[in-house]
Amino acid sequence: MAWMWKRKSLIATSLIVAVSLFAALMNYSEKTGSVPRPVFGHASKNNWTSTSPHKGYVSVPKQEPLELHCELCSIVSSSGQMLGQAAGPLIDSAPCIWRMNNAPTRGFEADVGGRTTLRVVSHTSVPLLLQKPQHFFGQENDTVFVVWGPLRNMRKDGKGIVYNMLRQAVTNYPHARIYVTTEERMNYCDMIFKKETGKDRIQSGSYLSTGWFTLILAMDMCKEIHIYGMINDTYCKSEAHRKVPYHYYEAGSRDECAEYLLHESAPYGGHRFITEKSVFSKWAKTHTIKFFNPPS
């Protein structure tokens, strides 16, 4: 009988401990607003946390889904609008900072900040990254790279030129975290463009921009989004618009608005930057998206 009493006592004690732990967890959740999530990767630098897998983006070469989430993402455009705005400290204060393609920070820290946690990269910009592989993929760089591109360049059967480049980069730099957009996700982004604009991307002879893929990815991964240096769809028609280079790091390049208007009216092969900007403004009404420098 004694052993039965001891067993019941042990069970009761265990239940009390379990209930106490559960109560403590719930109390923490009420104070913070959410149950704590496990930290993913180098959280001390990037503040990423794990979440449900994003199956539209898979790692090179293991094909594992991307699992990232951030409370606040600062998205820095490559626009010349960034110049002279001194937004660097504000950008760097965000937990997660996104950049596009090969846009540099060195020499531009005052305006664009110095930290990078994620880069969305066009298939056409991969060769530019590979010109400085140690800088982008070396051990000291823990940036996550998400590369988008058409199947002909991204196929994994040895015939995808860009995918082969990325696979070699991971071989040379095992620390590098490189993901590619799946064919299904690419088709999804096309579908969203048609749904939002009424235009079939292929039939209209246009290409989606890296900004388009960036915003769609950010709405999946970021609770709040701050966008720097991205003009709205009416900006270039306003008398107060600034003449700035298309890219902040290419002094003397074509004026941004001239470039946008050229692409918007191109019969084939152009980006529809202005059309995309009108969609982004629409999304900002239903998502927590804020525009800075200039404000939308």
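Bear in mind that the values here come from a model prediction, so they are computed numbers and not experimental data. (Residues numbered from 1 in each chain as written. Predicted model: local features only at pLDDT ≥ 70, side-chain atom pairs only at ≥ 80, totals over all residues. Heavy atoms only, no water.)

A. Spotlight on the sheet that holds strand 1 (residues 54-59). Strands sit in the order 2-1-7-6-5-4-3-9-11 across an open sheet of nine strands; the sheet is mixed. In the strand order of this sheet, the two ends are held by strand 2 (65-66) and strand 11 (289-292), each with one partner. Looking at chain direction, strand 3 (residues 70-76) and strand 9 (residues 222-228) are connected through six bridges and run parallel. Across the sheet, Cys-73 pairs through a bridge with Ile-225, a residue of strand 9. On top of the sheet, helix 8 (residues 161-172) reaches strand 6 (144-148) and strand 7 (177-181); it is set at about 160° to strand 7, its chief contact. (Pairing = 2+ DSSP bridges. Helix = DSSP H or I, 4+ residues; strand = E, 2+ residues; numbered from the N terminus. Contact = heavy atoms within 4.5 Å. Axes fitted to C-alpha atoms, helices over the stretch in contact; angles between N-to-C directions.)

B. Quick peek at unusual backbone geometry. In this structure, Pro-61 follows Val-60 across a cis peptide bond, with omega equal to 0°. Of the consecutive residues Asn-293 and Pro-294, the connecting peptide bond is found in the cis state with omega at 0°. Structurally, the position occupied by Pro-294 is in the segment after strand 11. Unusually for a residue other than glycine, Gln-63 sits at a positive phi of about 65°. For Gln-63, the position within the fold is in the loop between strand 1 and strand 2. The backbone phi angle of Asn-101 is positive, close to 50°, even though this residue is not glycine.

C. Broad picture of helix 10 (residues 210-221). The end-to-end C-alpha separation of helix 10 is 16 Å, in line with the 16 Å expected for twelve residues at 1.5 Å each. Counting buried positions along helix 10 gives ten out of twelve residues, so the element sits mostly inside the fold. Listed in full, the buried residues belonging to helix 10 are Thr-210, Gly-211, Trp-212, Phe-213, Thr-214, Leu-215, Ile-216, Leu-217, Ala-218 and Met-221. Of the residues flanking the start of helix 10, the one acting as N-cap is Ser-209, its side-chain oxygen 3.2 Å from the backbone nitrogen of Gly-211. (Expected span 1.5 Å × (residues − 1). Buried < 20%, exposed > 50% of the residue type's maximum accessible area, 1.4 Å probe, protein only. Polar contact = N/O pair within 3.5 Å; in protein donor to acceptor, adjacent residues only side chain to side chain.)

D. Quick peek at the pairing of strand 7. Summarising burial for strand 7: five of the five residues are buried, a large majority. Alternating positions in strand 7 separate into two faces, Arg-177, Tyr-179 and Thr-181 on one and Ile-178 and Val-180 on the other, with burial throughout. Pairing of strand 1 with strand 7 involves three bridges; the strand directions are antiparallel. Note on strand 7: the bridge partner recorded for Ser-59 is Tyr-179.

E. Spatial organisation of the state of the cysteines. This structure, assessed with the given rule, holds three disulfides. Between Cys-73 and Cys-222 runs a disulfide, and the two sulfur atoms are separated by 2.1 Å. The sign of the -85° torsion about the S-S bond sets the Cys-73-Cys-222 disulfide as left-handed. Of this pair, Cys-73 sits in strand 3 while Cys-222 sits in strand 9, and the two are 149 residues apart along the sequence. Both residues of the pair, Cys-73 and Cys-222, count as buried. Between Cys-236 and Cys-257 runs a disulfide, and the two sulfur atoms are separated by 2.1 Å. Measuring the twist about the S-S bond at about -85°, one finds the Cys-236-Cys-257 disulfide to be left-handed. Separated by 21 residues along the polypeptide, Cys-236 in the loop between strand 9 and helix 11 (256-265) and Cys-257 in helix 11 bring together distant segments of the chain. The connectivity of the disulfide bonds within the chain can be written as 1-3, 2-4, 5-6, using the sequence rank of each bonded cysteine. (Disulfide = S-S within 2.5 Å.)

All we've got here are geometric facts, nothing functional implied.
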